[in-house]
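Architecture at a glance
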Amino acid sequence: MGKESEFPQIVHDVIDQAIQDVNFGSLTLVVQDSRVVQIERTEKILVSAKGAKTAVSKKTVEGLKAVRAKILAEISDLQYGQILIKIQDGKIVQLEKTEKRRFVEVEGLYGDGI
């Protein structure tokens, strides 16, 4: 992989939509065999004591493209695992990458899997 265009359009669309719409929450991209197989979107709705909405900054097109490019670059290096994107106040504040690796030479050594 390695190029943005190698990912299905739905991956692009969901990432863009979550970045634009979610004020508080997370987006988890699950990767198997170097392909995104599942996308989980969790949105938190904060209820303030006064009932007023929190102000959310507008996102620029250039900023969205830069963030999406970084996320897709992280996915392209991943064979098995997940990318967790945390969003607070409408901004991506953290990107966690969990990579899973299998050790074929150990698998089945004791009559079981890893």
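Now for a description of the structure that goes with this document. What you are looking at is a predicted structure, and each value in this text was computed from that prediction instead of being measured.

Describing the overall build of the protein chain
- Secondary structure assignment for the protein chain yields 2 helices and 4 strands.
- Seen in sequence order, the protein chain has helices and strands lined up from the N terminus as α-β-β-α-β-β.
- Looking at the protein chain as a whole, 26% of its 114 residues are labelled buried.
- Long-range pairs, those at least 24 residues apart, make up 53% of the contacts in the protein chain between residues at least 6 apart in sequence.
- For the protein chain, the accessible surface area stands at approximately 8100 Å², while carbon and sulfur atoms represent 49% of it.

Quick look at the pairing of strand β3 (residues 81–88)
- Two elements, strand β1 (residues 25–32) and β3, share 7 bridges in a ladder whose sense is antiparallel. When the sheet's bridge partners are listed, Val-31 is paired in β3 with Gly-81.
- Examined bridge by bridge, β3 and strand β4 (residues 91–99) share 8 bridges and lie antiparallel to one another. Pairing of Ile-85 across the sheet is with Leu-95, part of β4.
- As consecutive antiparallel partners, β3 and β4 are separated by 2 residues, and within that stretch Asp-89 has a phi angle of approximately 50°, a positive value.

Brief notes about the sheet that holds β4
- Taken in spatial order, the 4 strands line up as β2-β1-β3-β4 in an open sheet, and their pairing is antiparallel. Every other strand in the sheet has two partners, leaving β2 (35–43) and β4 as the edge strands with one partner each. Averaged over all neighbouring strand pairs, the angle between strand axes comes to 15°, with direction disregarded.
- Taken strand by strand, helix α2 (residues 61–76) contacts β1, β2, β3 and β4, and its axis lies near 5° from that of β4.

Rules of the game
- Residues numbered from 1 in each chain as written.
- Predicted model: local features only at pLDDT ≥ 70, side-chain atom pairs only at ≥ 80, totals over all residues.
- Heavy atoms only, no water.
- Helix = DSSP H or I, 4+ residues; strand = E, 2+ residues; numbered from the N terminus.
- Buried < 20%, exposed > 50% of the residue type's maximum accessible area, 1.4 Å probe, protein only.
- Contact = heavy atoms within 4.5 Å.
- Areas by Shrake-Rupley, 256 points an atom, 1.4 Å probe, with all protein chains shown as cover.
- Pairing = 2+ DSSP bridges.
- Axes fitted to C-alpha atoms, helices over the stretch in contact; angles between N-to-C directions.

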